[in-house]
Amino acid sequence: AKAVEVMLAKGQEAMQRPVEIEFAGSLKAASADRGRRGQMYWLQIRPIIDRRESVDDSSTDAPASQLILRSGTSLGNGITDNVHAIVYVRHDTFDSAHNPELARSLRELNDRFAEKGEHYILIGPGRWGSSDSALGIPVAWTDIASARLIVETSLAGYRIEPSQGTHFFQNLGVGYFTIDSSGDDIYDYRLLESMPAAYDDGRIRVVRFDSPTTICINGRTGKGVVFKPGYGPCSKDDNSSLQ
């Protein structure tokens, strides 16, 4: 019981909210040298979502003029409004043959965000985290850990079945969007291209807003939106945060 208490306490400290865990262990008689009775391991850990943090259903139906992104297939629940930057893969220069190189570039960018304690929205084609680089950019979680929203998009001639978060734990305070260009989803790529770049290596571009964007995900309906700065809010509870 004491070991489980330590695991729960450490998990709550790391995620800044109560957590639930799955664990496994092996028990044995105390060894003569160190007095150990066995070992315990985390199998899964995730925050306990407060369902009172509700997103107004009408928010995900906001006019397209107010939105940067809208997804009818999203993962997560809640609101975050402290993200000023968007990191996205450019359409006109994208070539899946260069996906491993893109992963390395994203790792370097993520390190810069982490050093400053900043977060971003990450947008790109294919399946994020795929071990097959032909299907998506093969990033590991540590390569993009400062992202607060991960978005998978499709491109003409490059339509890959979305992962919908299966390559990463989607319950680490990160939202997940799938954008289907053939449906009612929205991705205002032109807006991002029209903005001055904080970083541009020809394949990856970073843009920053003076005011933060607002990310809203309705975990009940599976709909999510990203408002342009100055629009929103979308919560019935001003203290909500993305789960």
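Preceding this paragraph is the structure being described.
All of these numbers come straight from a predicted model, not from anything done at the bench.

Peer 1: I would appreciate a short explanation of the overall build of the protein chain in the present structure.
Peer 2: Within the protein chain one finds three helices and twelve strands. The buried share among the 243 residues of the protein chain stands at 41%. Residue pairs at least 24 apart in sequence account for 74% of intrachain contacts in the protein chain once pairs closer than 6 positions are excluded.

Peer 1: Looking at this structure, how should I read the side chain of Thr80?
Peer 2: Topologically, Thr80 is positioned in strand β5 (residues 78-89). One polar contact links Thr80 to Asn82, side chain to side chain, over a distance of 3.0 Å.

Peer 1: Before we go on, may I ask you to explain the packing of aromatic side chains in this structure?
Peer 2: To describe a pair of aromatic rings, you give the distance between the ring centres and the angle between the ring planes. Tallied over the full model, the rule gives three aromatic pairs. An angle of 80° between the planes, with centres 5.8 Å apart, marks the rings of Tyr187 and Tyr189 as edge-to-face. You'll find Tyr187 and Tyr189 in the same group, each marked buried.

Peer 1: Explain the environment of Thr142 to me, please; I cannot follow it from the model alone.
Peer 2: For Thr142, the location among the structural elements is in the loop between β6 (120-125) and β7 (147-153). Classification of Thr142 by relative accessible area gives exposed; the value is 59%. Considered as a pair, Thr142 and Arg107 are 35 residues apart in the sequence and their alpha carbons are 7.7 Å apart.

Peer 1: Explanation requested: helix α1 (residues 2-15) in the structure shown.
Peer 2: Along its 14 residues, α1 runs 20 Å from first to last C-alpha, staying within 8% of the 20 Å computed at 1.5 Å per residue. When α1 is considered as a whole, its buried residues turn out to be Met7, Gly11 and Met15. The arc that holds the buried residues of α1, viewed along the axis, is 50°, so those residues lie on one side. Facing away from the buried side of α1 by over 90 degrees, the exposed positions are Lys2, Glu5 and Glu13.

Peer 1: In this structure, what is going on with the environment of Asp201? I would like to understand it.
Peer 2: Turning to its location among the elements, Asp201 is positioned in the loop between β10 (199-200) and β11 (204-218). Given a relative accessible area of 36%, Asp201 falls into the partly exposed group. Sequence separation of Asp201 and Ser105 is 96 residues, and the distance between their C-alpha atoms is 9.0 Å. Among the polar contacts made by the side chain of Asp201, one reaches the main-chain amide nitrogen of Arg203 at a distance of 2.9 Å.

Peer 1: What should I look at first to understand the nonpolar core in this one?
Peer 2: Considering soluble globular proteins, one finds that nonpolar side chains tend to be buried as a cluster. The biggest cluster of nonpolar side chains holds 23 residues, and the ones touching the most others in it are Val87, Leu106, Tyr120, Leu122, Trp128 and Ile137. In terms of residues, this core owes the most to one element, helix α2 (residues 99-116), which gives five residues. Not counting residues up to four positions away in its chain, the partners in contact with Leu106 are Val87, Leu122, Trp128, Ile137, Val139, Asp143 and Ile204. Counting residues in each nonpolar core, the second largest holds 20 residues, with Ile68, Tyr88, Phe209 and Ile215 among its members.

Peer 1: Looking at this structure, I do not really get the pattern of salt bridges. What am I missing?
Peer 2: Pairs may arise between side chains of opposite charge once their charged atoms sit close together. Taken as a whole and assessed by the stated rule, the structure comprises nine salt bridges. Its salt-bridge partner being Arg90, residue Glu193 comes within 3.6 Å of it at the nearest N-O pair. Here Glu193 is found in helix α3 (residues 189-194), whereas its partner Arg90 is found in the loop between β5 and α2, with 103 residues between them in sequence.

Peer 1: Can you help me understand the pairing of β7 in this one?
Peer 2: If a strand is regular, its side chains alternate between the two faces of the sheet. In terms of burial, β7 is a largely internal element, six of the seven residues being buried. The pairing of β6 with β7 spans six bridges and is parallel. Following the sheet pairing, Leu122 is matched in β7 by Ile150. Sheet topology note: the β7/strand β8 (residues 175-178) ladder contains four bridges and is parallel. Among the inter-strand pairings, Ile150 is bridged to a residue of β8, identified as Tyr176.

Calculation rules
- Residues numbered from 1 in each chain as written.
- Predicted model: local features only at pLDDT ≥ 70, side-chain atom pairs only at ≥ 80, totals over all residues.
- Heavy atoms only, no water.
- Helix = DSSP H or I, 4+ residues; strand = E, 2+ residues; numbered from the N terminus.
- Buried < 20%, exposed > 50% of the residue type's maximum accessible area, 1.4 Å probe, protein only.
- Contact = heavy atoms within 4.5 Å.
- Polar contact = N/O pair within 3.5 Å; in protein donor to acceptor, adjacent residues only side chain to side chain.
- Phe/Tyr/Trp six-rings, centres within 6.5 Å; stacked < 30°, edge-to-face > 60°.
- Expected span 1.5 Å × (residues − 1).
- Arc of directions from axis to C-beta.
- Core = buried A, V, L, I, M, F, W, Y, C linked by side-chain atoms within 4.5 Å.
- Salt bridge = Lys/Arg side-chain N within 4 Å of Asp/Glu carboxyl O.
- Pairing = 2+ DSSP bridges.

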